[in-house]
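Residue strings, one per chain:
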Amino acid sequence: MRFDVVSLFPEMVLQSAINGVTGRAITEGLVDLFVWNPRDYTDDKHKTVDDRPYGGGAGMVMKYQPLKDAVESAKQAIKSQAVKVVYLSPQGKPITQRLLNESVDLEQLILIAGRYEGIDERFIEHECDEEWSLGDFVISGGELAALVVIDGISRLLPDVLGDEQSAKQDSHMNGLLDYPHYTRPEEVENHVVPKALLSGHHQQIEQWRLKQALGRTWQKRPDLLVDKVLTTEQHALLEEFKIELKYK
Ligand code: 9D3
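What you see is a predicted model; the values in this text were computed from it and never measured. (Residues numbered from 1 in each chain as written. Predicted model: local features only at pLDDT ≥ 70, side-chain atom pairs only at ≥ 80, totals over all residues. Heavy atoms only, no water.)

Caption draft 1: Broad picture of a nonpolar patch on the surface. Residues Leu134, Phe137, Ile139, Leu144 and Val148 make up a contiguous nonpolar surface patch of about 410 Å² in total accessible area. The residue Leu144 is located in helix α6 (residues 143–154) in this model. (Patch = residues over 30% accessible without salt bridge, like charges linked within 9 Å, V, L, I, M, F, W, Y side chains within 5 Å. Areas by Shrake-Rupley, 256 points an atom, 1.4 Å probe, with all protein chains shown as cover. Salt bridge = Lys/Arg side-chain N within 4 Å of Asp/Glu carboxyl O. Helix = DSSP H or I, 4+ residues; strand = E, 2+ residues; numbered from the N terminus.)

Caption draft 2: A look at the layout of surface pockets. Roughly 440 Å³ of internal volume is contained in the second largest pocket. Counting only elements with at least two residues in the lining of the second largest pocket, the list comes to β5 (83–94), β7 (118–119), α5 (121–127) and β8 (130–133). Ranked by residues supplied to the lining of the second largest pocket, first place goes to β5 with five residues. Here the residues of the lining of the second largest pocket sort into 12 nonpolar, nine polar and four charged. (1 Å grid on protein atoms, 1.4 Å probe; cavity = no way out; pocket = protein on both sides within 12 Å on 5 of 7 lines; lining within 4 Å. Points joined across faces, edges and corners; volume = space filled by probe spheres on them. Nonpolar A, V, L, I, M, F, W, Y, C, P; charged D, E, K, R; others polar.)

Caption draft 3: Here's a closer look at the site of the ligand. In the vicinity of the ligand, 15 residues are found, and the nearest of them are Leu134, Gly135, Phe137, Ile139 and Gly141. In the model, a nitrogen atom of the ligand is placed 3.5 Å from a nitrogen or oxygen of the Ser133 side chain. Note that a nitrogen atom of the ligand is positioned 2.9 Å from one of the backbone N or O atoms of Leu134. Taken by itself the ligand offers 580 Å² of open surface, and the protein chains cover 72% of this. When each cavity is represented as a set of grid points, the ligand is found to reside in the second largest pocket. For the shell around the ligand, the element with the highest residue contribution is β5, accounting for three residues. For the shell around the ligand, the residue count by class is eight nonpolar, six polar and one charged. (Near = heavy atom within 4 Å. Polar contact = N/O pair within 3.5 Å; in protein donor to acceptor, adjacent residues only side chain to side chain. Sits in = over half its atoms within 2 Å of the grid points.)

Caption draft 4: Spotlight on the packing of helix α1 (residues 10–17) against α6. Relative to each other, α1 and α6 sit at 30 degrees, their axes nearing to 10 Å. Compared by their axis directions, α1 and α6 come out roughly parallel. The handedness of the crossing between α1 and α6 comes out as right-handed. Each of Met12, Val13, Ser16 and Ala17 in α1 lies in contact with α6, whose residues at this interface are Glu143, Leu144 and Leu147. The class makeup of the residues in the contact of α1 with α6 is five nonpolar, one polar and one charged. (Axes fitted to C-alpha atoms, helices over the stretch in contact; angles between N-to-C directions. Parallel < 35°, antiparallel > 145°, perpendicular 65-115°, else oblique. Left-handed = near helix turned anticlockwise from the far one by under 90°. Contact = heavy atoms within 4.5 Å.)

Caption draft 5: Representation of the domain arrangement of the protein chain within the structure. Once the domains are mapped, the protein chain shows domain 1 (2–164) and domain 2 (171–246). Measuring from the centre of the C-alpha atoms in domain 1 to the corresponding centre in domain 2 gives 37 Å. (Domains from an automatic or database assignment.)

Caption draft 6: Layout of α1. Of all the residues in α1, the buried ones are Pro10, Val13 and Ala17. Buried residues of α1, seen end-on, are gathered within an arc of 75 degrees and therefore sit on one face of the element. Buried residues belonging to α1 abut β1 (2–6), α2 (20–27), β2 (32–36) and α6. (Buried < 20%, exposed > 50% of the residue type's maximum accessible area, 1.4 Å probe, protein only. Arc of directions from axis to C-beta.)

Caption draft 7: Structural view of the packing of aromatic side chains. For the coordinates displayed, the defined rule picks out two aromatic pairs. When the centroid spacing of 6.1 Å and the interplanar angle of 85 degrees are considered together, the rings of Tyr64 and Phe123 count as edge-to-face. One end of the pair, Tyr64, is in helix α3 (residues 64–77); the other, Phe123, is in helix α5, and 59 residues separate them in sequence. Phe123 gets classed as buried once you look at its relative accessible area, which sits at 0%. Consider the rings of Trp218 and Phe241, whose centres lie 6.5 Å apart with planes at 80 degrees: the pair is edge-to-face. (Phe/Tyr/Trp six-rings, centres within 6.5 Å; stacked < 30°, edge-to-face > 60°.)

Caption draft 8: Broad picture of the sheet that holds β5. Taking strand neighbours across the sheet as the criterion, the five strands line up as β2-β1-β6-β5-β8 in an open arrangement whose pairing is parallel. Of all the strands in the sheet, the pair left with one neighbour each is β2 and β8. Across the sheet, the mean angle from the axis of one strand to that of its neighbour is 30 degrees, orientation sign disregarded. Bridging between β5 and strand β6 (residues 108–113) involves six bridges; their strand directions are parallel. Bridge pairing in β6 places Lys84 opposite Leu109. Sheet contacts for α3: β1, β2, β5 and β6; angle to β6, the most-contacted strand, approximately 165 degrees. (Pairing = 2+ DSSP bridges.)

Okay, here's the thing in C-alpha cells:
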C-alpha cells in the first residue's frame, strides 16, 4: 500500500514514520510513503501557501492551488484505481478500527494535513473524498493524525506483523478492551498474579481473560457494549465478573 501525505512539514512525517512498525513495513517494501509539500507548488517568489480569510477574523487559511497541485503530483505518481483522498480535520468522522479495517484494501491513500485555521473549503468539497478526525480535542495540524492513520493501517497489512500478532487481530476479543497482563515475578511487593493465569489450563486462562475483557469494558467503556450482542457464555462471564467485584 502507498501513502502520500500532503504537508507543510514533510520532515515531521518522514522522521516519525521511520520508527517501529511503519518503519519496518517501509524497509521491507510492504508500504510506500511519499510526502508532498504544497510550498513546492507555489508560483510566487515568497512561496505563499496561506492567505487571510474572506469575511475577516483571526488566523490564516491554506490556499487551494498549491494543495491541488500537490495532490495531482501524488495521483500522477501511480495510475491507481483504488485511491482515496482524505482531509484530516476536527470536522471529520472519528477514526475507528472499523474505518482503518475498511481502508486496508486501498492501493493509495492520500492524506491532507492542514495547518493554520484550516484549508479553503472548495478544496475539501471538490478534491477530498472524506474528512477524518482523531476525536473531539484540538491539536495544531494534521501531521500527527496522518501518522496515526499510517500506523493503524500498516499494521493491518499482510506480512507487516508476525503470524502470532495477526492471528490475535481477529480474535474473539474484538470490540472489547484488553484483558490485564502480568509478567515475572509471581509476587512483587506483596502483589500477586491472578491464580487462573498460573494454572497452565489453556481453557481456564482463555475464560478468565474473556471475563476480564468483558468486565473492564463494562467498567471503563460501557458505551462499547451498548450495540454489542453478547453470546450466552459472554453474558454469564460478565455476570460472574460483577458478582466477584462485590466480594472484593
Ligand atoms: C483552535 C483553532 N480552532 C478554532 C475554533 C479550529 C482549529 C483549526 C485547526 C482546530 C484545530 C486545527 C488543527 N487540527 C487538525 O489539523 C486536526 C485535528 C484536531 O485538531 N483534532 C482532532 N483531529 C484532528 S485531525 C487534524
